[in-house]
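Topology and contacts: notes
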Amino acid sequence: MSNQKASNTSVAGAEISAFGVRLVRLSLLESPAFKVEKSEFIEFDLSKPEDVKLLAARIQKSLQRLQITRKQPLLACVSPPSFVFKNLKLPLVKDEELNEVAYWSFNKQQVIEQDTHIFDYCVSPAPPNAKQLNAWGFSAERKDIRWIINAFKLAGHPLAGMTFVPFAIQNLLTTGVIPPAKHSQAFIWIDETFAHIAVFQNKQLLVYNSVNCGTRHLLKCIQEDVPILSKDADARQALLSFINPEHVGNSGSTIQNNQLFAGVFRGLEKLKNSLLQTIARTPMEHVFLLGEPAACFPIMEHFRQTLGIQISVVKFSSTDSSSVQGTQALAVASALSSPETSNILRTRRDNTAEKHKATHGNRILAFTALFSVIMLSVFGFQLHSYISAKDKLAASKLEAESGANALTKEQIATLVSQINVQQQSLKSLAMRQETLVLLGDLCNFTDSNMKLIGLNADLEGVENIPTFVGGKVNMELMILGDESSQETRLTSYIALLGESPLINNVSHVEYKRVEVEKSPALRVKLIVEPALDRLLKEHEAKQKKNKKP
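Right, let's walk through the structure included here. Residue indices follow the written sequence of each chain, beginning from 1 at its first position. Note on the predicted model: pLDDT of at least 70 is required for a residue's local features to be given, and 80 or more for side-chain atom pairs to be given and counted; whole-chain, interface and lining totals, by contrast, use all residues. Excluding hydrogens and water, the side-chain figures rest on all heavy atoms present in the structure.

1. What about the pairing of strand β12 (residues 284–289)?
Two faces, one strand: in a regular strand the side chains alternate between the faces of the sheet. The line we're drawing: Partly exposed describes any residue whose relative accessible area lies between the buried limit of under 20% and the exposed limit of over 50%, with all areas from a 1.4 Å probe on protein chains only and scaled to the type maximum. By the criteria applied, helices consist of DSSP H or I runs no shorter than four residues and strands consist of E runs no shorter than two, each listed in order from the N terminus. Should DSSP find at least two bridges between two strands, the strands are regarded as paired.
Of all the 6 residues making up β12, 5 are buried; the element is thus mostly covered by neighbouring parts of the structure. Across 5 bridges, strand β9 (residues 184–190) lies against β12 in parallel orientation. When the bridges of β12 are listed, Ile188 appears paired with Leu289. Summarising the sheet, β12 and strand β13 (residues 311–313) pair through 3 bridges and their orientation is parallel. Residue pairing across strands places Phe288 opposite Ser312, the latter belonging to β13.

In structure tokens:
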């Protein structure tokens, strides 16, 4: 996920928060310097995804005002209500096994479904003698992400990438926007459901914690302390006025504002206690508040006075310094994404699976190419022999007709028999090539969660050369991954095999539940009936048809 190219001087980023969408356009200077050219906040209730067309229209207008074009890749960060972040301790395994190990380890802590959830992970750099890998797994419901992606598509500017907030924060550290510190640095942001604390040390995530005091909880506390704000819409407007200087609304009376402050601070009590516990366990040099609604002056001052540590918001240089707020930090962090930044639109698991499939396919293609070269060489030799025999037969006939050297019927029969044997050999070689393509189909249709553990064929001979013509292929598969979707993936695999022109029928023999490394798996036996004999007959019929006058 990258938004920094040498040829580009302007990049764009977005943050999707509990109150709307923040868009920024940056001008890149000498790394890590940049300038915030323009920024705009689109107020929107993101708890109502049914209004996606309305949000798309407002995003489109905002992009036009900010002069963000399709030539500028737009990257976003998000902290959806269903966001889950877990620390994983993984064994030292091969790279191709790491995906499944990470998924199973995450599933032990938080049960998720592959069909309904996005899952990915990142591995922290390990010391030379480490006995295990330290990783972070993260997940969110697809429905919380999909409608945001659709909104930007409808706006005419599809997202080039999307990441979760902890990795956007890491961009600020790796690019040097936030200078390195001797001790740990904590970052706080608040979404619709939770308030989050992420502690980084040496640019790596060290501690992560979430507390159940998101904007929903804050609104509830405000409504309890300020009875006049009993309606949700009124409470949202009051909280926006409290946290966002760009928001223009009725700030209310002084008494109401004091009550509003008291409600917000009471709602943040859980966050304050969690931060105190984190500081007690980890030496802390600095705490940053990021995004709406955390990055505002009243909350910063409240924490500074009650906790007694250095707390601030991240600020950036701009052509108009009065418009630059800490609320822009996460949108800026998204714009500074690099290829190493986690991208949930194309996860590490997706990339590994595609790489594995491409490698597997390349091996099959290479083997097929080598086999084809050998077969062509053999075919050329046999064709040369066939032509030579044919020439001998023609010469013999000519000699017989001229009477120069009369041939016997036995000699002619011997020559014809030699030609027929060579024709049959060519036919058998063609069948072998079809057999290789069939094996390619059987292997290529398996995904990363399917392991082919057995392949046996009942062969029948064509002139003592074994082929699959009239025979059957016995396959044995092991289906790994999520137990609830194993049978669905088996059905999909059988359907793909059924669509191959080289296969007549797929018989489902049996399957049973087993355990592989203490994880559920499905062991399956299939019988595949090839269609190579039918294809050969069709080919012969076409040849006979073409020979007719």
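2. Notes on the sheet that holds strand β10 (residues 195–201)
Put simply, the rule reads: Angles run from 0 to 180 degrees between N-to-C directions of axes, and those axes are lines fitted to C-alpha atoms, restricted for helices to the stretch in contact. Whether two residues are in contact is decided by their heavy atoms, any of which lying within 4.5 Å being enough.
In space, the 5 strands of this open sheet follow the order β11-β10-β9-β12-β13, with mixed pairing throughout. Since the sheet does not close on itself, it has two edges, and those belong to β11 (204–211) and β13, each with one partner. Between one strand axis and the next, the sheet turns by 25° as a mean value, whatever way the strands run. Looking at chain direction, β10 and β11 are connected through 7 bridges and run antiparallel. By the bridge assignment, Phe200 is partnered in β11 with Leu205. Sheet strands in contact with helix α8 (residues 269–281) are β9, β10, β11 and β12, and its direction is about 20° off that of β10.

3. Quick word on the packing of aromatic side chains
Our working definition: Here is the rule: rings of Phe, Tyr and Trp (six-membered ring for Trp) pair when centre to centre is within 6.5 Å. Planes less than 30 degrees apart are stacked, more than 60 are edge-to-face, and the remainder are tilted.
Applying the stated criterion to the full structure yields 15 aromatic pairs. Taken together, the aromatic side chains of Phe83, Phe85, Trp136, Phe138, Phe164, Phe167, Trp189 and Tyr208 make up a single cluster linked through ring pairs.

4. A word on the state of the cysteines
Convention followed: Disulfides are defined as cysteine sulfur pairs within 2.5 Å.
Summed over the entire model, instances satisfying the criterion amount to 0 disulfides. Here Cys213 is not disulfide-linked; the sulfur of Cys221 is the nearest cysteine sulfur, at 8.9 Å. You can call Cys213 buried: its relative accessible area is 0%.

5. Details of the side chain of Thr278
Residue position: Thr278 is located in helix α8. Discounting residues that sit within four places of it in the chain, Thr278 has contacts with Ile197, Val199 and Met284.

6. Quick notes on the pairing of strand β1 (residues 10–16)
When you tally the buried positions in β1, you get 7 out of 7 residues, the bulk of the element. Looking at chain direction, β1 and strand β2 (residues 20–28) are connected through 7 bridges and run antiparallel. Bridging from a neighbouring strand, Gly13 pairs with Val24 of β2. Counting the residues in the hairpin turn of β1 and β2 gives 3 residues. In terms of strand pairing, β1 meets strand β4 (residues 74–78) through 5 bridges, oriented parallel. Bridge pairing in β4 links Glu15 to Cys77.

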